[in-house]
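Structure at a glance
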Amino acid sequence: MGSLCFLDEPLHYPVARRDESVVDDYHGVKIADPYRWLEDPDAEEVKEFVEEQVKLTESVLEKCETREKLREKITKLYDHPRYGAPFKRGDKYFYFHNTGLQAHSVLYVQDSLNGEPEVLLDPNALSEDGTVSLSSLSVSEDAKYLAYGLSASGSDWVTINVMRVEDKKVETDALSWVKFSSISWTHDGKGFFYCRYPAPKEGENVDAGTETNSNLYQEVYYHFLGSDQSEDILCWRDPENPKYRFRASVTHDGKYVLLYIKNSGPVNKFYYCDLSELPNGLVGLKGKNALLPFIKFIDEFDAFYDAIANDDTLFTFRTNKDAPKYKLIRVDLKEPTVWIDVLQEAEKDVLESACAVNGNQMIVSYLSDVKYVLQTRELKSGSFLHQLPIGIGTVNGISARRTDNVVFIGFTSFLTPGIIYQCNLETEVPNMKIFREIVVPGFDRSEFHVDQVFVPSKDGTKIPVFIVTRNNILLDGSHPCLLYGYGGFNYSITPSFSVGRIVLIRHLGAVFCIANIRGGGEYGEEWHKAGSLAKKQNCFDDFISATEYLISSGYTQPRKLCIEGGSNGGLLVGACINQRPDLFGCALAHVGVMDMLRYHKFTIGHAWTSDYGCSDKEEEFYWLIKYSPLHNIRRPWEQHPDLPSQYPSTMLLTADHDDRVVPLHSLKLLATMQYVLCTSLERSPQTNPIIGRIECKAGHGAGRPTQKLIDENVDRYGFMAKMLDASWID
């Protein structure tokens, strides 16, 4: 049996209109879509639906007794100083700092590491409610200017502004309709490259963040400081391939601008332009309708390529070309057919990153069974120099450039809130010392235990699972358990510190677990492909196998077990509760991709077809229809009349300004689940609540102010505690 509901009385679900006339024909298969109307975020009927769901959710959360205790403890633990690793430009250092409960971290500047820090940019002053956030930034080579992108309400849309570092004066430059863009300065400090989309046509929805239109026809521009956006130089476009996305990056020597072209998946094309060969520089292109003369060096989507260093025309790339766990290669732009391996693919470990430092050295990071290993190596030969001493956990940033001999390394783990190491490479053996350590008052790491096990999946593949508990717990099946997963897009879920999860383990006696299922990047491109396209079911099998292990090993039992995931992980949760509703007591699905037949039609959804496939193609439609959360909701009591099962208590979380995975996914799934399981029957056996937490003025997750993060932690974990009947431990 799944979960037991601990609410006093049955819920009264709002009745959402069903339009049975909306039926699509997919390759001869008729599929009804009765809640298609929920796809229009501007419709009054949709706003009313959202309001009714918010009221329903509030009525459930009011009965979750641990919420106030959670709020008190989580707020108290959040209130600690946090720092980002410093980075150097010109003769200045820049870093982020949050005193504790500030909505956003503040950007500081100092003349030396020991100099007096000054506030350069405080995002908290940009909006009263903290919903304007800093999403990107770039400091010019001479450290005279800061270009920075601002996002409102968590939207992916960004406006780029420019500030003079010396006197903090904000210039008149303002660049709009920027999305999925880096900012890269030319070394003369006259301007920068960025990417934008065409402005909406008259009559189109222009409330950035709530629109659902596909993002098409991205273009690369160069902006001269002090000029109007209308005068920016169009550097690259590809109208024949409207789904392509670009990244323009200036090399460390300032000579080249590199163009990375993406369509879908972890592969890209690579073009370059020698800026020194432009007769009159970029200024000479002003007012001319000519693109930059890029040379097409890699012009097919056969692998991933990222330039990590160059000496004039001699480039070093990190790539997965013929190396699913990645390697470093070197090629001379003048001899494009001669590729030399600098650092060969490792047998087991994944080459996560390589950073050129100290002239002719590099710091490389490997992922070894989901734990980071750091090494210094020679840049030219790839030969091993030293292993850098870090704990078992995650390197979440290496801050250095090729000319720097001092490197800053950010580190975190389940029981390490954060350490910034300062590594001096001038000495024969690198000198590693702690530059800053983040301390959380009231947190004692010695109370906790971290384990990693390898669980066989349905087909025998070993799946790594991290398990974090209080010390010396009895494996008697009595503990609440939270299992988290993702499994997509070559993205690895590695150990990190979380205040909310620590509170669950400490005060609710919970077991916290991460299952590193296939589809992610934990073991390279083969691991990713083993959970993609026709093999997507492996992700769900892996997650279900991890669940069964936790139950059979005595950590928990089905009615005490909650699963959680966000975005592609929200899809994971949605698919698993459809396939095995009996295994879970509670489910938390954040901003999930839930309508697998139509996801590619909205905002940037078309970029995900490399992982999922697309319903426009017959073979791929048949993959998708088998697991699409929206299309596979069944009444377990009808399928298995002899088993008293129902769906677990479920909370679908979304936000009105999520323009990555648009809210319609969660809204349509919510309406469908409530209809099929709760409202279409006189006396439904579904007593576990099915609710949605729909946040206003928030997006896919990035840029949320601290208070919103705390509120969401309190709501979702308060709901989980109530549904799993977890009692508070002081």
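Described below are features of the structure shown in this document. (Residues numbered from 1 in each chain as written. Predicted model: local features only at pLDDT ≥ 70, side-chain atom pairs only at ≥ 80, totals over all residues. Heavy atoms only, no water.)

Here we come to the side chain of R704. Here R704 lies in the loop between β39 (690–695) and α11 (706–723). Its relative accessible area of 11% is what places R704 among the buried residues. Polar contacts involving the side chain of R704 include one to the side chain of E712, which spans 2.5 Å. (Helix = DSSP H or I, 4+ residues; strand = E, 2+ residues; numbered from the N terminus. Buried < 20%, exposed > 50% of the residue type's maximum accessible area, 1.4 Å probe, protein only. Polar contact = N/O pair within 3.5 Å; in protein donor to acceptor, adjacent residues only side chain to side chain.)

So, about unusual backbone geometry. Phi angles above zero are rare outside glycine, and L533 is one such case at about 50 degrees. Mapped onto the elements, L533 comes out in the loop between α4 (525–529) and α5 (537–552). Despite not being glycine, D725 shows a phi value in the positive range, around 55 degrees. Mapped onto the elements of the fold, D725 is located in the segment after α11. Given the relative accessible area of 40%, D725 is considered partly exposed.

Next up on the list: the sheet that holds strand β28 (residues 394–399). Read across the open sheet, the four strands follow the order β28-β29-β30-β31; overall the sheet is antiparallel. The sheet terminates laterally at β28 and β31 (431–437), the two strands that pair on one side only. When the angles between neighbouring strand axes are averaged without regard to direction, this sheet yields 25 degrees. Judged from the five bridges that link them, β28 and strand β29 (residues 406–413) form a sheet pairing that is antiparallel. Residue pairing across strands places G397 opposite G410, the latter belonging to β29. (Pairing = 2+ DSSP bridges. Axes fitted to C-alpha atoms, helices over the stretch in contact; angles between N-to-C directions.)

In terms of residue burial, strand β24 (residues 350–357) counts as a mostly covered element, since six of its eight residues are buried. Pairing analysis gives seven bridges linking β24 to strand β25 (residues 361–368), with the strands arranged antiparallel. Across the sheet, the residue bridging to L351 is Y366, located in β25. Between β24 and β25, which pair antiparallel in sequence order, lie three residues; one of them, N358, sits at a positive phi of approximately 50 degrees.

Right, let's get into the packing of helix α2 (residues 67–78) against helix α3 (residues 499–507). At a minimum axis distance of 9 Å, the contact between α2 and α3 shows a crossing angle of 130 degrees. Classified by the angle between their axes, α2 and α3 sit oblique to one another. The interaxial crossing formed by α2 with α3 has right-handed handedness. Contact residues: L70, K73, I74, L77 and Y78 in α2; V499, G500, I502, V503, L504 and H507 in α3. (Parallel < 35°, antiparallel > 145°, perpendicular 65-115°, else oblique. Left-handed = near helix turned anticlockwise from the far one by under 90°. Contact = heavy atoms within 4.5 Å.)

Moving on: the pairing of strand β18 (residues 269–274). Counted residue by residue, β18 has six buried out of six residues, so it is predominantly covered. What you see with β18 is no split at all: K269, Y271 and C273 on one side and F270, Y272 and D274 on the other are buried throughout. The pairing of strand β17 (residues 256–262) with β18 spans six bridges and is antiparallel. Bridging across to β18, L259 finds its partner in Y271. Between β17 and β18, which follow one another and run antiparallel, lie six residues, and G265 among them has a positive phi close to 90 degrees. The pairing of β18 with strand β19 (residues 295–298) spans three bridges and is antiparallel. Opposite Y272, over in β19, you have I295 as the bridge partner.

Turning our eyes to something else, we now look at α5. Relative to the 22 Å expected for 16 residues at 1.5 Å per residue, α5 spans 22 Å between its end C-alpha atoms, a close match to the ideal helical length. What α5 keeps buried is the set N538, C539, F540, D541, D542, F543, I544, S545, A546, T547 and L550. Where α5 terminates, the next one or two residues include G554, which has phi positive at roughly 90 degrees. (Expected span 1.5 Å × (residues − 1).)

Here we come to the pattern of salt bridges. Taken as a whole, this structure holds 43 salt bridges when the rule is applied. Among the salt bridges present, the one from K30 reaches D25, with a minimum N-O distance of 3.2 Å. Looking at D25, the relative accessible area reads 47%, which means it is partly exposed. Residue R67 pairs with D715 through a salt bridge whose shortest N-O separation is 2.9 Å. Here the residue R67 occupies a position in helix α2, and D715 occupies one in helix α11, the gap between them amounting to 648 residues. A cluster of three or more residues bridged by salt bridges with shared partners is formed by R67, E564, R693, E695, R704, K708, E712, D715 and R716. (Salt bridge = Lys/Arg side-chain N within 4 Å of Asp/Glu carboxyl O.)

As for its placement among the helices and strands, N632 is situated in the loop between α8 (618–627) and α9 (636–639). Counting along the chain gives 57 residues from N632 to A575, while the straight-line C-alpha distance between them is 8.0 Å. In contact with N632, other than residues within four places in its own chain, are N578, I625, K626, Y627 and Y647. There is a polar contact of 2.9 Å between the side chain of N632 and the backbone oxygen of S628.

Our focus in this paragraph is α8. Looking only at α8, the buried set comprises E620, F621, W623, L624, I625 and Y627. Of the surrounding secondary structure, the elements contacted by the buried residues of α8 are β1 (23–26), β2 (29–32), α5, α6 (568–579) and α7 (609–612).

What follows is about the nonpolar core. Within soluble globular proteins, side chains that are nonpolar generally end up buried alongside one another. By size, the foremost hydrophobic cluster in this structure holds 110 residues, and its most contacted members are I563, Y612, L677 and F719. The dominant element in this core, judged by the number of residues it contributes, is α11, at seven residues. For L677, the contacting residues outside a window of four places in its chain are I633, R634, R635, P636, W637, Y647, S684, Q686 and I690. (Core = buried A, V, L, I, M, F, W, Y, C linked by side-chain atoms within 4.5 Å.)

Within the fold, N161 resides in strand β10 (residues 158–164). Judged by its relative accessible area of 14%, N161 is buried. Sequence separation between N161 and G500 is 339 residues, and the spatial gap between their C-alpha atoms is 34 Å. Other than its neighbours up to four places away in sequence, N161 contacts L146, A147, Y148, L150, D173 and A174.

Before going further, it helps to spend a moment on the sheet that holds strand β16 (residues 245–250). The strand order across the open sheet built from four strands is β16-β17-β18-β19, with neighbouring strands paired in antiparallel fashion. Of all the strands in the sheet, just β16 and β19 have a single pairing partner and so form its edges. In this sheet, adjacent strand axes meet at a mean angle of 25 degrees when their direction is disregarded. Pairing geometry for β16 and β17, over six bridges, is antiparallel.

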